[in-house]
Number of protein chains: 2
Amino acid sequence: MPNTEPRHGETRAEGLQVLAVPGIPMIEAGDNLPETITRGLNAAGLILQDGDVLCLAQKIVSKAEGQLVALSDISPGPEAIELAERTDKDPRLVELILRESTEVVRTKPGVLIVRHRLGLVGAHAGIDQSNIPHGEGEDEYALLLPEDPDASAAKIRGALEAASGARIGVVITDSSNRPWRLGTIGCAIGCSGIRVLDDQCGGTDLFGRELKVTLINRADAIATAATLIMGETTEMTPVVIVRGLPLDQVDETAASCIRPLDEDMFR
Amino acid sequence: MPNTEPRHGETRAEGLQVLAVPGIPMIEAGDNLPETITRGLNAAGLILQDGDVLCLAQKIVSKAEGQLVALSDISPGPEAIELAERTDKDPRLVELILRESTEVVRTKPGVLIVRHRLGLVGAHAGIDQSNIPHGEGEDEYALLLPEDPDASAAKIRGALEAASGARIGVVITDSSNRPWRLGTIGCAIGCSGIRVLDDQCGGTDLFGRELKVTLINRADAIATAATLIMGETTEMTPVVIVRGLPLDQVDETAASCIRPLDEDMFR
C-alpha cells in the first residue's frame, strides 16, 4: 500500500485512519481472540487509543466460537429437500440455512434469500463455505454466523479494554447485498461501545419513517470503511482499527439496526 | 476530532486515511468546483497524491450545476396529484420526482420509493429539500441529482488532475437506504478514475448471480468511508480525501453498479 505519511510541506489534516492489524494467524475453534489480537497489535507496535474502533471479520469470530459445521452431520428434512430442488442447492446446506432463519424471503433457481434469526436479510443466512477448510462430498463444512454477535463484540471489547486500558469500540463485520445494486458492502452484525445509529435533523428517512430526521447507520459505515482494507484478503487482514472517530461509548447493539418487520417493504 | 498522530513508541501501520478538506464555502450555481476545491486544499496545506480519491457530497455538485428548482415553477399533472394524495406529499414535489424517475417502486402514506432515471432506487428520486436555501409556500426549492454524475465526476477529476499533476479518482457521494435495515449509508452516484466493482474469487453473489465470485462494491465503500466525516455536517465538510488505496485508474462508472432489472428482486 502507498505511504500515507504527509508529504513535505503538507500539514496533517483532521480525519480518520483505517489501519490493518498485521500478523493475525489462522483462527481455530477455541482460540482466545483478544489474546491473539493483542499479540498482533504488540508485534506491529500498535497501541490502542481511546475512541479506536476495532473491526473483526465475522469469519474469525465464528471460527473461534466453533461455528464450523460438517455438512455430513446434517440430515435435511422435507422442507429443505423441496427448497434445495427449487434453488439448485445442497439440501444439507439448505437445512442449515432454514435452521438459522425465521423466514424465506425470496427464492429462484440459484437464489435463496432468507431472514436470519438475527434479523439480517441475505442469501444463505450468512453461512459461508469459502475460506474455510473443507474437502469434497462428506467432508464439506459450512461456517455459521456467531450465536450472538453483539454479545461476542461486548466480550471481546471487555477483554481488550482490560488488556489495553483504552476505551474502545468493537464491530464484527460481514458483507451484505442490496436488491437493486451490484457488489457487496460492509455490514455490522455485532457492536459494542459505539454509536450505532446517529439521529440527524434536517432530512427524511425512507421506507416507512416520515420523520424530519435522518438516521445515519454509523456501525455499517465503520464496518464498510474497514472492509476497504479487509476485503481482498479477509484471511490475512481480518482485524482493522478505525481511528479518529469521536469517543462516543454507548450501549447500542447491531440488533438495533434491524428495521421493524412492518416497515420492511422487501417482504 | 482526536489527534491521529502515532503515539510515542508506535509505528505507523499500513492503511487508509480519510481526510476532511476544510474551508469549502457554500456553493452556488455556476461555481467552479475544481477551483474551489483547489483553494480549500491549498489553504489547508493539503497536496493531492497519486491514488487519492476525492469524495464530493452530491449536494455541492448539484448546486454548482444549477439543479435547484423552485417548486412554484412546477405544475403537477394528474398522476402527480393522485400519487401526492396517496403518499401525503406536496404534488409539485411528486411531479418533480416523477419527472426524474422511470418507475414507482413502492408507495404508502408518507412513503414514495422510485427508480431514478440513473437506476438508483430510493425515496424522492434523490431530491433533497434540506440544507438548501428555501422559504415557505411558493418560495420552496428542491435540489435534483446532477444530470449525469459520472460525467460530472470525470470533468472534476480532469480539472483537478491538470491543476495538481496527481492521478486521482473522484467519487460523488449520496446517502442510501436499505429495505430491511435502519439508517443510511453512503452510495457512489458518480465515479471517475477508480475501480468501482472488484471481482473476488471464492464466494457467491446473491440476488440472482450464482457465481463463484464475490463482487465487492468499492465505490460505495469509499463513499461510505467518506461520509463518516462528511455525514454530520455535510454543508461544512462536503469534500473528503480517501488516501492510501492502491492506484487503480480504470474507466468504470457508478452506472455499472446498477443491478440489471431482471435481477432486482425488490421490483
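The structure under discussion appears in the preceding block.
Remember, it's a predicted structure, so these values are computed and weren't measured experimentally.

Visitor: What's the story with the packing of helix α1 (residues 33-44) of chain B against helix α5 (residues 149-164) of chain B in this structure? I'm lost.
Guide: For any two helices packed against each other, the geometry is given by the interaxial angle and the distance between the axes. All names here are of chain B. Put simply, α1 and α5 touch, their axes get as near as 9 Å, and they point 45° apart. Comparing their axes, α5 and α1 come out oblique. The handedness of the crossing between α1 and α5 is right-handed. Two secondary-structure elements touch here, α1 through Leu33, Pro34, Ile37 and Thr38 and α5 through Ile156, Ala159, Leu160 and Ala163. By residue class, the composition of the contact of α1 with α5 is seven nonpolar, one polar and no charged.

Visitor: Before we go on, may I ask you to explain the sheet that holds strand β5 (residues 111-116) of chain B in this structure?
Guide: Working definition: the strands of a sheet are paired by backbone hydrogen bonds and lie parallel or antiparallel to each other. Residues and elements named next belong to chain B. Spatially, β4-β5-β6 is the arrangement adopted by the three strands of the open sheet, whose pairing is antiparallel. Strand pairing shows two members of the sheet lacking a second neighbour, β4 (101-108) and β6 (121-123), which therefore form its edges. Geometrically, the sheet is characterised by an average inter-axis angle of 25° between neighbouring strands, direction not taken into account. Bridging between β5 and β6 involves three bridges; their strand directions are antiparallel. In the sheet register, Ile113 faces β6, and the bridge partner there is Ala123.

Visitor: Sorry if this is basic, but what is going on with α5(B) here?
Guide: Residues separated by three or four positions in an α-helix point in the same direction, a consequence of the helix having 3.6 residues per turn. Residues and elements named next belong to chain B. With 16 residues, α5 ought to run about 22 Å at 1.5 Å a step, and its terminal C-alpha atoms sit 22 Å apart, in line with that. For α5, the set of buried residues is Pro149, Asp150, Ser152, Ala153, Ile156, Arg157, Leu160 and Glu161. End-on view of α5: buried residues confined to an arc of 155°, all on one side of the axis. Buried positions along α5 lie against α1, β2 (53-57), α2 (58-64), β8 (169-178) and β9 (181-192). Of the residues flanking the end of α5, it is Gly165, one or two places downstream, whose phi is positive at about 80°.

About the cut-offs
Residues numbered from 1 in each chain as written. Chains lettered and ligands numbered in written order. Predicted model: local features only at pLDDT ≥ 70, side-chain atom pairs only at ≥ 80, totals over all residues. Axes fitted to C-alpha atoms, helices over the stretch in contact; angles between N-to-C directions. Helix = DSSP H or I, 4+ residues; strand = E, 2+ residues; numbered from the N terminus. Parallel < 35°, antiparallel > 145°, perpendicular 65-115°, else oblique. Left-handed = near helix turned anticlockwise from the far one by under 90°. Contact = placed C-beta atoms within 7 Å. Nonpolar A, V, L, I, M, F, W, Y, C, P; charged D, E, K, R; others polar. Pairing = 2+ DSSP bridges. Expected span 1.5 Å × (residues − 1). Buried ≥ 20, exposed ≤ 12 C-beta atoms within 10 Å, placed from the backbone. Arc of directions from axis to C-beta.

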